Amino acid sequence: MKKWLSALVVVMLSVTVLTACGGSNNAQSDNANNQGTDSKEKIKLEFLSLKQEQASQAAFKEIIKRFESANTNITVDLQSMNADQLKTTLRARAASDEMPDLVTWMKEIEPEYLLDLKGESYLSNLNAESIEAANAIYNDQVYAMPIDNGYIGFYYNKTVLADNNLEVPTTLTEMKQVVEALKAKGIPAFATGSKDLSVAYMPLIALFSETVFGRNPNWSAERDAGSVSIATDESWKLAFDLHKDYVYGYSDVNGSFNIGYDDANAMLAQGKAAFYGNGSWALEPIRQVGPDADIGLMAFPISDNPEESKLLVFPDTSLSIMKDSKNADAAKKFLEFVASQEAGEIWSENVKVSSTVNGVNVDYDPIAADINQYISSGQFTPYGDRVLRSVFTDKLWEDFSKYMLDRTDWDTLAKDLDAAWDRAKEVEASGQ
Amino acid sequence: MKPKGQNMFYFLILLPALLLFTVFFIIPVVQSLSLSFTDAYGMRPNYKFIGLENYITAFKDRSFMDTISATLKFTITAVVLGNVISLILALLLDTKIRAKSFLRSIFFIPNVMSLLVVGYVWSFVYSNALPDLFEALHLPASWQASILGNPDIVIYALAVTAVWNVAGYYMIIYLAALQGISDDLIEAAKIDGARTKDILFKIKLPLISPIIVMCLILSTAAHIKIFELPFTMTSGGPAGSSMTMVLKIYNTAFSANQTGLATAQSTIFFLLIAGITLILTRLMKSREEKL
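Naming follows an unreviewed UniProt entry, where chain A appears as Extracellular solute-binding protein of Paenibacillus brevis. Under the heading Sequence similarities (unreviewed entry), UniProt records this for chain A: "Belongs to the bacterial solute-binding protein 1 family."

Observations regarding the overall build of chain A
For chain A, the count of helices and strands is 16 helices and 11 strands. Based on the C-alpha atoms only, the size of chain A along its principal axes is roughly 95 × 45 × 45 Å. Counting across all 432 residues of chain A, residues that qualify as buried make up 46%. Taking the contacts inside chain A whose residues are at least 6 apart along the sequence as the reference set, 76% of them involve residues at least 24 apart.

Here's the deal with the overall build of chain B
Per the secondary structure count, chain B includes 13 helices and 0 strands. Going from N to C terminus, chain B has its helices and strands arranged as α-α-α-α-α-α-α-α-α-α-α-α-α. Judged by the C-alpha coordinates and their principal axes, chain B covers about 75 × 75 × 30 Å. For chain B, the residues scored as buried account for 34% of the 291 residues in total.

Regarding the interface of chain A and chain B
Contacts between the two partners involve 31 residues from chain A and, on the opposite side, 28 residues from chain B. Counting residues per element, the ones that place at least two in the side of chain A that touches chain B are helix 3 (83-95), helix 15 (390-404) and helix 16 (410-430) of chain A. With 7 residues, helix 15 of chain A is the largest single contributor of residues to the side of chain A that touches chain B. A per-class count over the side of chain A that touches chain B returns 10 nonpolar, 10 polar and 11 charged.

Concerning the sheet that holds strand 9 (residues 318-321) of chain A
Residues and elements named next belong to chain A. Ordered by their spatial adjacency, 5 strands build an open sheet running 2-1-3-9-4, and the pairing between neighbours is mixed. Each edge of the open sheet is held by one strand with a lone partner, namely strand 2 (74-80) and strand 4 (145-146). Bridge count for strand 1 (residues 43-49) against strand 2 is 7 bridges, and the pairing is parallel. Pairing of L48 across the sheet is with Q79, part of strand 2.

Examining the nonpolar core
If you look at soluble globular proteins, the nonpolar side chains tend to sit buried side by side. All names here are of chain A. Counting residues in hydrophobic clusters, the biggest one holds 135 residues, and the most contacted among them are Y276 and F334. Top element by residues in this core is helix 7 (residues 197-214). It accounts for 12 residues. Excluding residues that lie within four positions of it along the chain, F334 makes contacts with L45, F67, V76 and L102.

Here's the deal with the domain arrangement of chain A
All names here are of chain A. What the domain assignment reports for chain A is domain 1 (43-147 + 317-357) and domain 2 (150-315 + 370-430). Contact residues are listed per partner, giving 16 residues for domain 1 and 13 residues for domain 2. Per element, the largest residue contribution to the side of domain 1 that touches domain 2 is 3 residues, and it comes from helix 4 (residues 128-134). Among the residues making up the side of domain 1 that touches domain 2, the classes are represented as 8 nonpolar, 4 polar and 4 charged.

Description of helix 16 of chain A
Residue and element names in this part refer to chain A. Compared with the 30 Å implied by 1.5 Å per residue over 21 residues, the 30 Å span of helix 16 between its first and last C-alpha is a close match. Turning to helix 16, its buried residues are L413, A414, D416, L417, A420, W421, A424 and V427. Axial view of helix 16: buried residues confined to an arc of 160°, hence all on one face. Exposed residues pointing more than 90 degrees away from the buried face of helix 16 are listed as D411, E426 and A429.

Description of the confidence of the model for chain A
Residues of chain A with pLDDT of at least 70 account for 90%, and the chain-wide mean is 88. The low-confidence segment residues 5-38 of chain A, where pLDDT is below 50, has 4 contacts with residues more than four positions distant or belonging to other chains.

Details of the pairing of strand 5 (residues 148-157) of chain A
Moving residue by residue along a regular strand, the side chains alternate between the two faces of the sheet. All names here are of chain A. Most of strand 5 sits inside the fold, with 9 of its 10 residues counted as buried. Bridge analysis of strand 5 against strand 10 (residues 354-355) gives 2 bridges, and the strand direction is antiparallel. Across the sheet, D148 pairs through a bridge with S355, a residue of strand 10. Two elements, strand 5 and strand 8 (residues 311-315), share 4 bridges in a ladder whose sense is antiparallel. By the bridge assignment, Y151 is partnered in strand 8 with V313. Two elements, strand 5 and strand 6 (residues 275-279), share 5 bridges in a ladder whose sense is antiparallel. Note that in strand 6 the partner of Y156 across the bridge is F275.

What about the packing of helix 15 of chain A against helix 16 of chain A?
Residues and elements named next belong to chain A. Between helix 15 and helix 16, whose axes approach to 8 Å, the crossing angle comes to 165°. By the angle class used here, helix 15 and helix 16 are roughly antiparallel. Between helix 15 and helix 16 lies a crossing whose hand is right-handed. Taken together, the residues of helix 16 that come into contact with helix 15 (itself represented by V391, F392, K395, L396, D399, K402 and Y403) are L413, D416, L417, A420, W421, R423, A424 and V427. Grouping the amino acids of the contact of helix 15 with helix 16 by side-chain chemistry returns 10 nonpolar, no polar and 5 charged.

Points about helix 5 (residues 115-136) of chain B
Residues and elements named next belong to chain B. The end-to-end C-alpha separation of helix 5 is 29 Å, in line with the 32 Å expected for 22 residues at 1.5 Å each. The sharpest bend along helix 5 reaches about 40° and sits at V125. Along helix 5, the positions that sit buried rather than exposed are V118, G119, W122, S123, Y126, S127 and P131. Elements that come into contact with the buried residues of helix 5 comprise helix 4 (100-112), helix 6 (141-144), helix 7 (154-179) and helix 11 (228-233).

Structural notes on the confidence of the model for chain B
Atom-level detail of predicted coordinates should not be read off regions where pLDDT is low. The predicted model of chain B averages 89 in pLDDT, with 97% of residues at 70 or higher. For this predicted complex, the interface confidence score (ipTM) comes to 0.79, while the overall pTM stands at 0.82.

Overview of unusual backbone geometry
All names here are of chain B. The backbone phi angle of A99 is positive, close to 55°, even though this residue is not glycine. Among the secondary structure elements, A99 is positioned in the loop between helix 3 (62-93) and helix 4. The phi torsion at H138 lies on the positive side, around 55°, for a residue other than glycine. Along the chain, H138 turns up in the loop between helix 5 and helix 6.

Calculation criteria
All residue numbers refer to positions counted from 1 along the written sequence of the respective chain. Chain labels run from A onward and ligand labels from 1 onward, assigned in the order the entries are written. Local features in a predicted model are, by the rule used here, given only for residues with pLDDT of at least 70; side-chain atom pairs are given and counted only at 80 or more, and totals for whole chains, interfaces and linings are based on all residues. UniProt positions are given in the numbering used here, feature names are shortened, and annotations may be inferred rather than shown by experiment. Labels follow the DSSP assignment, with helices taken as runs of H or I lasting at least four residues and strands as runs of E lasting at least two, numbered in each case from the N terminus. With C-beta atoms placed from the backbone, the exposure class of a residue follows from how many other C-beta atoms lie within 10 Å of its own: 20 or more, buried; 12 or fewer, exposed; in between, partly exposed. C-beta atoms are first placed from the backbone for all residues, and any pair lying within 7 Å is then listed as a contact. Note on residue categories: nonpolar means Ala, Val, Leu, Ile, Met, Phe, Trp, Tyr, Cys or Pro, charged means Asp, Glu, Lys or Arg, and polar means any other residue, Gly included. Strand pairing is defined by DSSP finding a minimum of two bridges between the two strands. Put simply, a nonpolar core is a cluster of buried Ala, Val, Leu, Ile, Met, Phe, Trp, Tyr and Cys residues tied together by C-beta atoms within 7 Å. Segment limits for the domains were obtained from an automatic or database-derived domain assignment. To estimate the expected span of a helix, count its residues, drop one, and scale the result by 1.5 Å. Within this analysis, the arc is defined by the directions that extend from the helix axis to the C-beta atoms. The predictor attaches a confidence to each residue, and that confidence, scored 0 to 100, is pLDDT. Geometry is summarised by axes, namely lines fitted to C-alpha atoms with helices restricted to the contacting stretch, and by angles between N-to-C directions that run from 0 to 180 degrees. Roughly parallel means an angle under 35 degrees; roughly antiparallel, over 145; roughly perpendicular, 65 to 115; everything else is oblique. The hand of a helix crossing depends on one turn: near helix anticlockwise from the far one by less than a right angle means left-handed, and clockwise means right-handed. Here the bend at each residue means the angle between axes fitted to two seven-residue stretches, the one ending at that residue and the one beginning there.

Dropping the structure here:
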């Protein structure tokens, strides 16, 4: 009797579970079939973002709020994480075929996972050059929709310079005089926060962008063809030497490894250092410490020709739709909203960056004038580490502090970097 | 010999555990091993067999070989220092000292903290608290220089942090072993004229030597896998001097996206740990046989 009862319970439970699964499948298939036909169907977009800064998250939340109020049947689930977490999550999701709908673009996401946005009408709302630069590593596809233009350069505190009767240096000789004058007064010229090595690494990106790609925009193609190399090209050595001798050499060398990202931002904002090499993301935390600090932005003078100083300006935050998104139409609607003036202004005001949306000219900070001057005079380069292969940038990151601390010589470093370039090229070729 | 039915019964009892072990350990390990012979890269869905190329690349990579040296320096320092300190603490608590329970809890508390949290706390200690203290004590400027910024000492600074974290744990094991020694034995030794030094070196330490070897094995296995401390405190720097093997593998997999190479590095790492553990286990067995 007991056995019969047990068997009956098992059968009933199995039927219930299978029915539930079947119901779910039907519901899913109905969802898929109705996509785009029933406008009132509830849709949830999953959006994975690597923008972790408070301001970026606040801006995304505000944009999502406005989008949801205009599209009541769509909700956007924003999940913020760091770059490594995003990569790990996407790898796991790819393996289980459960990709999100939207992501902030990363060069590490293989194109076969991304939806080509070419031909989408809302892209015409954006600056065409920014779209082209954001998709420079692809042939003719548009996988990344850039929403702002970032930069990596050298912030400087005008008050510190003025108080010490110093002018903003425009040549390397002038820079030498300025940093020597500051050193003589016991003021660290550069805020170099080596406690978090990525903070010390940022100025190097700005420097090699100027010395290598600012002088020769085709350098990568020539290196791939074998006509130039890091070992034989003085431009790479110049970048590393300027980083070692100036950015680190004229910082608080003894305490540099006790200074983190927040400390370095504060040093510049509070006038405890004159210069600080970092990117657009650092402006908001700098302003939190010194809302009224008199701050400018410059490219590092790499020679005695001021025209060689070029600011690294590049499309930064970009959005992509995953190719296998079941809600691609709704995701496109979201991108359309993000490309609107309303969303562009929210982003620019909060994150303090220049928007790529045409017609959005938010006066987000006085340094915007400095950036515009570099752009309008053509003294900028869009090529930084973003266009370099991950295998090579990983080696750059691993080795830069060895040279900075005199733990390796140039010949060894250059040989290692050339080898890493070749390996990166091989790895890329093996996937084609 | 056990009857066949009884063997089947034991097998059925073990089957669920065996299945879980196979699904969550054996299969991933085999998959990982097979990946190490491929050119798997990041999110790229397809990859091909490339033989031993990843292993050759790993052995040719000077920075990877340097991580072996950094990992061994860290492990040896943390294992030796950690076990000596744990043993001293256990010997102190094995006396008639007052507030024994309170002290035992205090020494054990760091062990319940996550290593990530410990990393952030000690990063503050090395970068802010100690320089401020040295300045207040008017010590020479060279003393105030960054500890974590010195490539020659950074790995030892991380080892000290690890010791702080685990000393309480091994102290508890040593204390249990010491308390297992019969009081009669100690009393008899005292009657025979043994001094404190003799009791320690000729009775207590020889009697707990199997536990010492076990703690050496356990702490070696734990410390050699260190990742959290260099990840949170130094990012492997400066100049790669605190880049441990696991952090290097992580960077290869997630920064450089070279999944195939990272799994080859993991296999080398696994073989290294297996080799060291085997040597220590043999050591323990021979020690036990002598006793």
